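Topology and contacts: notes
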Amino acid sequence: MSAGIVAEVEPQSRASSVLRTLVLCDLVDSTGLVERMGDLAAAELIRKHDRLARTLADRHHGREIDKTDGFMMMFERPIQAVGFALDYQRGLKQLNAAEQVNLSARVGIHVGDVVVWDNSAEDIAKGAKPTEVEGLVKPVTSRLMNLALPGQILLSNIAYSLAHRAQGELGEYLETARWRTHGRYRFRGVPDPVAVFEVGEEDLAPLKAPPWSSKAHREVPFWRRPTTVVFEALIIAVLIAVPLVMFLRPDPAIAFAQRDWVVVGSLHNLTGETVFDDALEGALRIGLEQSRYVNVMPDLKVRDTITRMQRDPDQTKVDRVVGSEVAIRDGARALILPTIAEIGGRVRITAEVIDPHTQTTVYSETADGIGKESILPSLDTINERLRVRLGEALATVSNESMPLEKVATENLDSLKAFSLATTTSNKGDIIQANVLLKNAIALDPNFSRARIDLAGALLIQGHREEARKQLNTALTSEERLSPRDKFMAEAMLADFVSPRESLRKWKALAQSFPDFFPAQGTYGFYAWAYANDYSEALEATKRNAVAQNPNRGTGIYLLATLLTGREQYSEAAQQFALAESLGIHYQNTFYAAAYAAQRNYKKVAQLLAAGRAADSENTRISLQTYKLAFAIDQGKWDESRLLLDGPDRQRMRLSEENASQLHDAELGTRMILASENERSGLGRTDKLLSGQESMQSADESEYSRNSSLLFRAYMASKYMNDALATKLLDKVDTALTTTDFPDLIKLKAIVDAQRKLSNKSSSVDVQTLNGLVDGTELNVTHLLLMEAFERTGDYRSAREQARWLASHRGRAYTQSSVGSAFVPFDVAQSNLALLYDAEYSSQLGQQESARRALSEFEKVWPLDGSPEWIAARAKTLRAKLAKQAN
């Protein structure tokens, strides 16, 4: 297809995905109506019908999408769609009375994501509809409409749930509207069954289950299907041979699949003992969390959902009604409601499993005993029974579960303090949570789970050594830890000594417990930060950024950053916006980087201005690093120099470790800005050593110190100061560059190769350098390969590497290795790569390609005020190309 034709059919409005309610209404037997009334009379009647429908749609804030025998309407909320449908059916009755006819209509309502776009005026003039709507919502709505009886309004389960909750907005219909459930139907072409509901008025609506058809049938148990009735006698005969206990045991009424979710409701305490209030609910959660089959919805996620329900989570009990709505909103399969009571001198604990769609008790489990000491064993019994009833194999439950008195604590006061700490932490009060966790540990020093949670809180606050002590103490009593908690403690501890081992342990934990979000999120982050592995990090982060994760906003922000690093800018922008809508508000450095990589610097300025103020040393360093990268990327040479040595930089007070980290990021910028003499002379380059003798503090990690040494050694070697590179390498712990630190191993190999390349008399093994390229390589690897190919005269391969650098700007902006020290340098190289491309094209005799690349370089990097070596190199090439053109 030619470019001209493509341009002609290009849509005038970009499609967008939005959550909307679709309504399809269809006149029953419209063809027969025309036959009975004649064309003109029928047309006039249909015009009156259409005016009625459009008037009602406007009244209920709907939008007409399409028109055939009926209408397709779109509404923002399900309750608006229901109000329209009720008005529509009543309006048809009035129209029938006025016109002495018998019009009837069927209506289907469904909610979901739809793709919407507006057609151009030219397309509309050719017969297109003004607005187009597509998505799975459309066929499901159509199936509901086709299933409906004349006069019937059918809704999907999600439309029913949201509309029924808001039925108070129906006004005059509130008293007369009747809601019915008709069970689950399977529709042709729709993979999953759909729960079907009806709303209507008694004198107008059928209020009965619609019949089966070739396109839809009601889902019923196998033993109730007509085709199997003839086998019932045989089945009964077989069942007689089954042991009585198995015959009497009912199957689960809710069909659970592996890794389904449950919501644990608030404890109904009938004993008057307040110590049970938080302790038992927490213990039930801990017991169920040992399962790899069924997942417990995190308490923080439940609180967030209750907030979205416009309720106060601190004052709202998760009872049958509230818990069912939470489960429906968050996609949980069941609600579990625990109760404790004292009956006849015995303490009885009951757990009811509730179907959230009907709010009925599907089944319950009960255990009792004498005195407080019976409570945890009773909970163990209930947990085991629940997990089996929910579909988990009994052998798995038995083998992988530990008694609560071991995995938690037999001290109920300690358990209560632990549960309160979890609630307090979910409210954002980490300091008070620490106090409660320490109280729990004081009441039971062997409460290892509490020590792990305390270590996690201490790490957030930057208290690494104290956190390490808590983890070591927890693991000395590993018999008090569930397998998941033991794996997590070991993974957290490994980060102190070996990032490689930490990566392995977090990966194993993430694979063993796919819905344990701390494992997925941490593994994704470390795969990016320690191994530069965007592919692995992306997959783990996707598993972390799901609706059930209460902290998914942070995961979505990381997902957007990784997508930027993969040059998937449109998807990254969507995820950044989603993270922002979930309340994630940082300094917007990575968010801005997604636009800087596309050279949309106006958006960069807007995002930085809207970002949160840098309120810690770490955030100030990150912001300063990215401001440098943004400035040098735009060729703002004076601004770059001001950021390096201006008064704001002079006033910045940082700890030794943080000052060293920022110094490295600035160093790469200085090397771009400096003259040839400054870069090669010892006087200027000796700043590589500034602060180095005292840079290791008590809290500094080995990774930070050695990565800084290697970064500076690379810069020294690249800019012809091998003596300085040698001094720096002498300070590197060689054990760290051979075993446990993936990035340091890569960086050490790069430094060694650069030293050979800078030494004109040494040969460079290009094949060895190529072996470093595996998708996790540092960007500078391609710069090194480019220079190596140039050394051998292979200008075509050198140009390929230059073009790789120019086309991977998202990766240049997001590479977090070595404390992001490479970011300003890599961003600068992505621009210089255009100049390199032009030079290599010229060497290959491809002068037109050389001119295009040089023009693009001069466009993105203005030569006025640029470093003299850059301007001289560009002008020399420009003169050469002009001479060849003449």
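A brief report on the enclosed structure follows. (Residues numbered from 1 in each chain as written. Predicted model: local features only at pLDDT ≥ 70, side-chain atom pairs only at ≥ 80, totals over all residues. Heavy atoms only, no water.)

Describing the pairing of strand S10 (residues 260-264)
When you tally the buried positions in S10, you get five out of five residues, the bulk of the element. Strand direction decides the pairing type here: S10 and strand S12 (residues 294-296), joined by three bridges, are parallel. Within S12, the position partnered with Val 262 by the bridge is Val 296. Here S10 runs beside strand S13 (residues 334-343); their pairing, made up of three bridges, is parallel. (Buried < 20%, exposed > 50% of the residue type's maximum accessible area, 1.4 Å probe, protein only. Helix = DSSP H or I, 4+ residues; strand = E, 2+ residues; numbered from the N terminus. Pairing = 2+ DSSP bridges.)

Side note on helix H36 (residues 742-758)
What sets the pattern is the α-helix's 3.6 residues per turn: residues three or four places apart point alike. Counted at 1.5 Å a residue, the expected span for H36 with its 17 residues is 24 Å, and the 25 Å between its end C-alpha atoms agrees. When H36 is considered as a whole, its buried residues turn out to be Pro 742, Asp 743, Leu 744, Lys 746, Leu 747, Ile 750, Val 751, Ala 753, Gln 754, Leu 757 and Ser 758. Tucked inside the fold, the buried residues of H36 contact helix H21 (499-512), helix H22 (517-529), helix H34 (702-718), helix H35 (722-730), helix H37 (766-770) and helix H38 (780-792). (Expected span 1.5 Å × (residues − 1). Contact = heavy atoms within 4.5 Å.)

Some words on unusual backbone geometry
In this structure, His 61 is a non-glycine residue whose phi angle is positive, near 65°. Counting through the fold element by element, His 61 comes out in the loop between helix H3 (39-59) and strand S2 (63-67). A relative accessible area of 60% means that His 61 is categorised as exposed. Notably, Gln 100 is not glycine yet its phi reads approximately 55°, a positive angle. Counting through the fold element by element, Gln 100 comes out in the loop between helix H4 (78-99) and strand S4 (105-118). With relative accessibility at 70%, the residue Gln 100 sits in the exposed group.

Section: the nonpolar core
In this structure, Trp 506, Tyr 714, Tyr 813, Phe 822, Phe 825, Phe 857 and Trp 861 are the most contacted members of the largest nonpolar core, which totals 170 residues. A total of eleven residues in this core trace back to one element, the largest contributor, which is helix H41 (residues 823-843). Setting aside residues no more than four positions away along its own chain, Trp 506 makes contact with Met 488, Ala 491, Met 492, Pro 518, Ala 519, Thr 522, Tyr 523 and Tyr 526. One finds Val 23, Ala 57, Phe 71 and Tyr 88 within the second-largest nonpolar core, a separate group that totals 39 residues. (Core = buried A, V, L, I, M, F, W, Y, C linked by side-chain atoms within 4.5 Å.)

Purely spatial values, then, with no claim about function.
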